[in-house]
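Secondary and tertiary structure notes
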Amino acid sequence: MKPSYDLAININLSQKCNLRCSYCIATSSQKRGYIDKARLEITSYLWCSSRILENFLFRQNKIFRIDFSGGEPFVCKGFAKMCSRISRNHYIGMMTNNTLSQTRTFADIIDPSRVIFICASIHFQQLESRGLMTYFIDNFLYFKKKGFNISSVGVAHPMFFSNAKKYEELMR
């Protein structure tokens, strides 16, 4: 059964990401000196913003769908716990690179029926160079095993075209 909600909200928590890909818009904005909210005390920022969001959501007589993206949402300490509280009454979705340990905490404490989607972006070059490909796959399969609606999308950039066949094989 398709979840029913009254309103969807997209929240970009931060431009901060653990992978820091050279081709990423988030990384390039940091290089150009744009203010990154995550450079402030992330714990305090997330605590304040989550409290504001939660207070807003719980005062409404509506059911919301909140989609989180970034950067990488899981770099924010307490993100999984915040999602757990919000998902009691609302639905959530997210874009993630699926490479941080907090993803397992998320999978363990949140009801999969309250998560509309998880889109795990595969940053092939970064995962290979950092030895994270197996970890990414293990996390992906963990979400699947727990019953989450998770899919993946390969990150494309002209600098990767020469390795397209190799990455295609990895996806099989």
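Quick note: structure is the one above.
Predicted model, so just to flag it, every value in this text is computed and none were measured.

Turning to the packing of helix α3 (residues 79-86) against helix α4 (residues 102-109), a few remarks are in order. At a minimum axis distance of 9 Å, the contact between α3 and α4 shows a crossing angle of 20°. Here α3 lies roughly parallel to α4, going by the angle between them. Handedness of the crossing formed by α3 with α4: right-handed. Between α3, through F79, A80, K81, C83 and S84, and α4, the contact on the second element is made entirely by Q102, T105, F106 and I109. A breakdown of the residues in the contact of α3 with α4 according to their chemical character gives 5 nonpolar, 3 polar and 1 charged.

This part covers the sheet that holds strand β5 (residues 150-154). Taken in spatial order, the 5 strands line up as β1-β2-β3-β4-β5 in an open sheet, and their pairing is parallel. Here the strands that pair on one side only, and so sit at the sheet edges, are β1 (7-12) and β5. Here the strands of the sheet are splayed against their neighbours by 15° on average, with no regard to which way each runs. Taken strand by strand, α3 contacts β2 (64-69) and β3 (91-96), and its axis lies near 170° from that of β2.

Another point: α4. Within α4 the residues assigned to the buried category are Q102, T103, F106 and A107. Around the axis of α4, the buried residues are gathered within 145° of arc, so they sit on the same side. Elements in contact with the buried residues of α4: α3, β3, β4 (115-122) and α6 (133-146).

Following the criterion strictly, the structure yields 2 salt bridges and no others. The residue D67 makes a salt bridge to R65 at a minimum N-O spacing of 3.0 Å. Side by side, D67 and R65 carry an identical accessibility label, which is buried. The salt bridge partner of D108 is K146, with a shortest N-O separation of 3.1 Å. Linking D108 in helix α4 with K146 in helix α6, this pair joins segments that are 38 residues apart in sequence. Residue classification places D108 among the partly exposed positions, given a relative accessible area of 43%. Among the residues examined, K146 registers a relative accessible area of 37% and is labelled partly exposed.

This paragraph deals with the pairing of β2. With respect to burial, β2 is a largely interior element, 5 of its 6 residues being buried. Inspection of the sheet shows β2 paired to β3 by 4 bridges, in the parallel sense. Opposite D67, over in β3, you have G93 as the bridge partner. As a crossover connection, the stretch from β2 through α3 into β3 is right-handed.

Let us now look at the environment of N12. Of note, N12 is situated in strand β1. In the structure, N12 is positioned 83 residues away from M95 in sequence and 9.8 Å away in space, judged by C-alpha atoms. Excluding its chain neighbours within four sequence positions, the residues that come into contact with N12 are S69, G70 and G71.

Procedures and definitions
- Residues numbered from 1 in each chain as written.
- Predicted model: local features only at pLDDT ≥ 70, side-chain atom pairs only at ≥ 80, totals over all residues.
- Heavy atoms only, no water.
- Axes fitted to C-alpha atoms, helices over the stretch in contact; angles between N-to-C directions.
- Helix = DSSP H or I, 4+ residues; strand = E, 2+ residues; numbered from the N terminus.
- Parallel < 35°, antiparallel > 145°, perpendicular 65-115°, else oblique.
- Left-handed = near helix turned anticlockwise from the far one by under 90°.
- Contact = heavy atoms within 4.5 Å.
- Nonpolar A, V, L, I, M, F, W, Y, C, P; charged D, E, K, R; others polar.
- Pairing = 2+ DSSP bridges.
- Buried < 20%, exposed > 50% of the residue type's maximum accessible area, 1.4 Å probe, protein only.
- Arc of directions from axis to C-beta.
- Salt bridge = Lys/Arg side-chain N within 4 Å of Asp/Glu carboxyl O.
- Right-handed = clockwise from strand over helix to strand, strands pointing away.

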